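A structural walkthrough
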Amino acid sequence: DSGVTQTPKHLITATGQRVTLRCSPRSGDLSVYWYQQSLDQGLQFLIQYYNGEERAKGNILERFSAQQFPDLHSELNLSSLELGDSALYFCASVRGGAEITQYFGPGTRLTVL
Amino acid sequence: QQQVKQSPQSLIVQKGGISIINCAYENTAFDYFPWYQQFPGKGPALLIAIRPDVSEKKEGRFTISFNKSAKQFSLHIMDSQPGDSATYFCAASREETSGSRLTFGEGTQLTVNP
């Protein structure tokens with residue numbers, strides 16, 4: 001158990017809908033990274049937050065957004081969902097400073113029908 | 001420039017054998033190279049990691065070999081066990097003030113037969 005929690009575990013929705021994925025980092029970790037894992041694209045970095053602020057963006061679609069709250073949990077919002085958005089979404093947390101190991105949560109499996 | 005290439009895509013090894021997975025990177029600015037292990041239905045878990053100032057790192061049955069000039073690194077699993085059957089990902093990152101996003105290889109599905 002990495003200490004990172006993600007909810008929900010599974011999510012089934014329809015095209016055009018909007019969903020919110022939640023991540024709680026390990027206690028004391030300030031940074032959260034979001035990754036998408038799909039069969040055709042592999043594991044891809046989406047976005048990173050550090051202590052409430054956006055720090056880096058990767059291959060994140062404009063339909064996707066994220067935020068990190070004062071209690072350091074993070075949410076990834078996916079809107080106008082398309083079939084191709086079906087994937088596993090992972091968050092990873094990092095302590096920060098000299099500690100750079102990323103600890104991954106169990107993921108949320110999103111299925112868009 | 002940001003890619004990490006991983007091979008083979010799948011690997012079948014007999015119990016007790018050596019599993020070898022290879023990765024190559026392009027960006028010479030990468031300075032941290034972890035390997036992650038992922039079981040079905042679980043998130044990736046850090047297995048072992050290396051920095052480019054070291055050519056080899058060993059932790060138990062797992063060894064990373066690193067060749068900076070060739071921009072290649074590999075994972076060796078000695079005395080492979082059925083419990084090692086999982087998907088393995090190499091990754092690379094560059095430590096920046098903005099963080100250290102991981103760039104992953106495509107993954108290798110390892111099967112260890114009893």
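In what follows, the accompanying structure is described. (Residues numbered from 1 in each chain as written. Chains lettered and ligands numbered in written order. Predicted model: local features only at pLDDT ≥ 70, side-chain atom pairs only at ≥ 80, totals over all residues. Heavy atoms only, no water.)

**Side note on the interface of chain A and chain B**
We count it as follows: By definition, residues are in contact when any of their heavy atoms lie within 4.5 Å. Accessible-area loss on putting two parts together, using a 1.4 Å probe and summing over both, is the definition of buried area adopted here. A carboxyl oxygen of Asp or Glu within 4 Å of a side-chain nitrogen of Lys or Arg is what we treat as a salt bridge. The term polar contact refers here to a pair of N or O atoms within 3.5 Å; inside protein, the definition further demands a hydrogen-donor-capable atom paired with an acceptor-capable atom, and it admits residues adjacent in sequence only when both atoms are side-chain atoms. Every helix listed is a DSSP run of H or I at least four residues long, and every strand listed is a run of E at least two residues long, numbered separately from the N terminus. Side-chain classes follow a simple rule in which Ala, Val, Leu, Ile, Met, Phe, Trp, Tyr, Cys and Pro form the nonpolar group, Asp, Glu, Lys and Arg form the charged group, and the remainder, Gly included, forms the polar group.
Each side of the interface is counted separately: chain A has 19 residues, and chain B has 18 residues. Surface buried jointly by chain A and chain B totals about 1500 Å² across both partners, of which 54% is contributed by carbon and sulfur atoms. Of all residues in chain A, L43, I100 and F104 of chain A bury the most surface against chain B, accounting for 36% of the area lost on that side. Counting across the chain A and chain B interface gives zero salt bridges. Put simply, chain A and chain B have six residue pairs in polar contact (both at pLDDT 80 or more) between them. Listed by contribution, the elements that provide at least two residues to the side of chain A that touches chain B are β4 (31-38), β5 (42-50) and β6 (53-57) of chain A. Classifying every residue of the side of chain A that touches chain B by side-chain character gives nine nonpolar, seven polar and three charged.

**Some remarks on the side chain of T13 of chain A**
Residue and element names in this part refer to chain A. Put simply, the rule reads: When accessible area is computed with a 1.4 Å probe and restricted to protein chains, residues below 20% of their type maximum are described as buried, those above 50% as exposed, and intermediate ones as partly exposed.
Mapped onto the elements, T13 comes out in strand β2 (residues 10-13). Residue class for T13 comes out buried when judged on its relative accessible area of 14%. The residues contacting T13, other than those within four sequence positions of it, are V19, L81, L110, T111, V112 and L113.

**Quick word on the pattern of salt bridges**
Across all of its chains, the model carries six salt bridges over all chains by this definition. The partner of R26 of chain A in a salt bridge is D29 of chain A, and the shortest N-O contact between them spans 2.7 Å. The pair formed by R26 of chain A and D29 of chain A is uniform in burial state, with each residue classed as buried. Across the pair D84 of chain B and R61 of chain B runs a salt bridge whose closest N-O atoms are separated by 2.8 Å. Of the two residues, D84 of chain B sits in the loop between β8 (72-77) and β9 (86-92) while R61 of chain B sits in the loop between β6 (56-59) and β7 (62-67), which places them 23 residues apart along the sequence. Accessibility expressed as a relative area gives 26% for R61 of chain B, which makes it partly exposed. Taken together, the shared-partner salt bridges in this structure form one network comprising R26, D29 and R95 of chain A.

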